[in-house]
Every structure is written in C-alpha cells, then in structure tokens.
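Close look at the chain arrangement
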Amino acid sequence: MKMKKLTGIVLAAACMVSLAGCGSSEKKEVNVEKPEDLKTLTIGVQQGTTGDILSSEQVEKDSQMKRYPKGSTAIQALKNGKIDLALTTTRNDWADSITVMKQPLYLAVPLGHPLAKQSSVTFADYMNEPHIVLDKGTSLRTQFDQSFRERGVIPNIVFEVHGCDAALQYVALNFGVAILPTIPAMKTERIAIIPIAESGKEFVRTVYLSWVKGDKLLPVVQKVRNLITEKFAISTI
C-alpha cells in the first residue's frame, strides 16, 4: 500500500504552525515517538504560510515539502484520499477531528500608525482602515469577510495576497492594516501588533487535525496522529 501524505492547512492562512507529514512511495518501517522523528518524512503545507517556513527548516531537503496553493485544495485532497491527515481550520461532516490549537488574531499596523500605541483595538477602530487580506478561499479571508458582513460594513480592501508574510510586507510599506495570527515575520521594528478586544467576540482561529471517517490508517499514520494529539491537542471532541 502506498503511503499518503500529512498536510497542514493554515486558515489562512492558513498561516500556521510547524507541520509534519508521513509520505513515501517506499514501504519502510518508521518509528515516530517524538517531533524529531518526523524530519525525514514528507511534509504538506499551505504555500507561503508559517507552516511552510517553519516546516522547511525541519526537513533534510526541500523535495520533502508538499505545498498546496490554498487550504481548500488540501481539504479536497484529504476528502479524495490523496492524503491521510490534515490540519484544517474547519470541521467537515465527512471527517473526524480534534482541536489542536487556537491562534489569537491581531491587528498589524505600520509602526507610525495612529493605532500603533494602543494596548488593544475594537472593530470600530479599524473598520474603515485600508485592509490587506488573504485570497478568497482561505480561512482567514472567510473569517474577515464574515466579521464585516455581520456588522453590515463594506471593508476597504486595497490588496489581496497569497500568505501572511506577504500581508506583513504590505503593512510595513504603509499600504494598510491586516488581521493575522502570530507568525515569525512579525518580529520587526516596522510593524505594531495589537490585540483585538471585541466584547462578546472571540478573535481566534481554531485549528483541527482531521482524517476521513471510516478510513483505516496505516500504522505510521496512526503514530503521527497520536504524536500530534499527545503534544498539541486541546480537545479530542
């Protein structure tokens, strides 16, 4: 039986965490007991996200990386049986899922922006700002559109980009603001990162580990799933 791949999706964004995968056309015994054991396996990520950046640092060679242009593409790959596991930002009725993390979302603004020195912001503070957003089909874009639609406000979108790093570059160049999870590129003196504090609203992105219901997972895939569950799971419901 041919091993499938583990992919990470970042809503996003998926903008994500370091993701590990199991994938090879060869039949070989793989011992997976700690994160370091994943470095020789194939890693699936959403292109241009934090998962892509961090995972690329973990593998021995770039050919081990399996990059998807959008999170929705990876979800479809999971549904079609091309991969065994996926880190997703949505639950699907055809998949079993566990919650592995919740990423707080922040407003990224240029350092000289009037909001840069505030300890927190609300929707009213940034709703009329020029926004840099991710492409449609990403979880962050869906969440962004929904938050404006619920309030009956049409956002001022000035740029659509493929990933969080690209969004931050536009923010640093003073083209607008962006709503993003924490990623390594935020550690720059050119950008201010402000918590979003909206009463009655939780500004987070939930990430799930998912697999197709009823699928019999290979032993190595089960080990990867168990490792992620043990190290990162918030809830197994």
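Rules used throughout
- Residues numbered from 1 in each chain as written.
- Predicted model: local features only at pLDDT ≥ 70, side-chain atom pairs only at ≥ 80, totals over all residues.
- Heavy atoms only, no water.
- Buried < 20%, exposed > 50% of the residue type's maximum accessible area, 1.4 Å probe, protein only.
- Salt bridge = Lys/Arg side-chain N within 4 Å of Asp/Glu carboxyl O.
- Helix = DSSP H or I, 4+ residues; strand = E, 2+ residues; numbered from the N terminus.
- Arc of directions from axis to C-beta.
- Patch = residues over 30% accessible without salt bridge, like charges linked within 9 Å, V, L, I, M, F, W, Y side chains within 5 Å.
- Areas by Shrake-Rupley, 256 points an atom, 1.4 Å probe, with all protein chains shown as cover.
- Pairing = 2+ DSSP bridges.
- Phe/Tyr/Trp six-rings, centres within 6.5 Å; stacked < 30°, edge-to-face > 60°.
- Lys NZ or Arg CZ within 6 Å of the ring centre and 35° of its normal.
- Core = buried A, V, L, I, M, F, W, Y, C linked by side-chain atoms within 4.5 Å.

Even without being glycine, asparagine 174 reaches a positive phi, approximately 70 degrees. Assessed through its relative accessible area of 57%, asparagine 174 is described here as exposed.

This paragraph deals with the pattern of salt bridges. Inspection of the entire model under this criterion finds two salt bridges. Across the salt bridge formed by glutamate 160 and arginine 141, the nearest N and O atoms sit 2.8 Å from each other. Highlighted residues: glutamate 160 in strand β7 (residues 156-161) and arginine 141 in helix α4 (residues 139-150), separated in sequence by 19 residues. One network of salt bridges, with partners in common, ties together Arg141, Asp145 and Glu160.

So, on to helix α5 (residues 164-172). If you check which residues of α5 are buried, you get Cys164, Asp165, Ala167, Leu168, Val171 and Ala172. When α5 is viewed along its axis, its buried side chains cluster within an angular range of 155 degrees and face the same direction. Looking one or two places after α5, you find asparagine 174, whose phi comes out positive at around 70 degrees.

What follows concerns a nonpolar patch on the surface. On the surface, Val158, Phe159, Leu173 and Phe175 cluster together into a nonpolar patch covering about 330 Å² of accessible area. Inspection of the secondary structure puts valine 158 in strand β7. Valine 158 sits in the partly exposed class, given a relative accessible area of 34%.

Here strand β8 (residues 178-181) shows no split at all, with Ala178 and Leu180 on one side and Ile179 and Pro181 on the other all buried. Direction of pairing for strand β5 (residues 95-110) relative to β8: antiparallel, over a ladder of four bridges. Across the sheet, residue leucine 105 finds its bridge partner in β8, namely proline 181.

Taken as a whole, this structure holds six aromatic pairs when the rule is applied. Both rings, one in phenylalanine 144 and one in phenylalanine 148, keep their centres 4.6 Å apart while their planes meet at 40 degrees; by these two values the pair is tilted. Pair noted here: phenylalanine 144 and phenylalanine 148 are both in helix α4, with a separation of four residues, about one helical turn. The burial state of phenylalanine 144 is the same as that of phenylalanine 148; both residues are buried. An aromatic cluster is defined as three or more aromatic residues linked by ring pairs; in this entry it consists of Phe123, Tyr126, Phe144 and Phe148. Of note, arginine 151 hangs over the ring of phenylalanine 123, and the distance from its end group to the ring centre comes to 4.4 Å. Sitting over the face of the ring of tryptophan 211, arginine 225 holds its NZ or CZ atom 4.9 Å from the ring centroid.

Right, let's get into the nonpolar core. Generally speaking, nonpolar side chains in soluble globular proteins are found buried as a group. By size, the foremost hydrophobic cluster in this structure holds 33 residues, and its most contacted members are Leu107, Tyr126 and Leu180. Those elements that provide at least two residues to this core are β5, α3 (123-126), β6 (130-134), α4, α5, β8 and β9 (191-195). Counting residues in hydrophobic clusters, the runner-up holds 14 residues, among them Leu85, Leu209, Val221 and Ile228.

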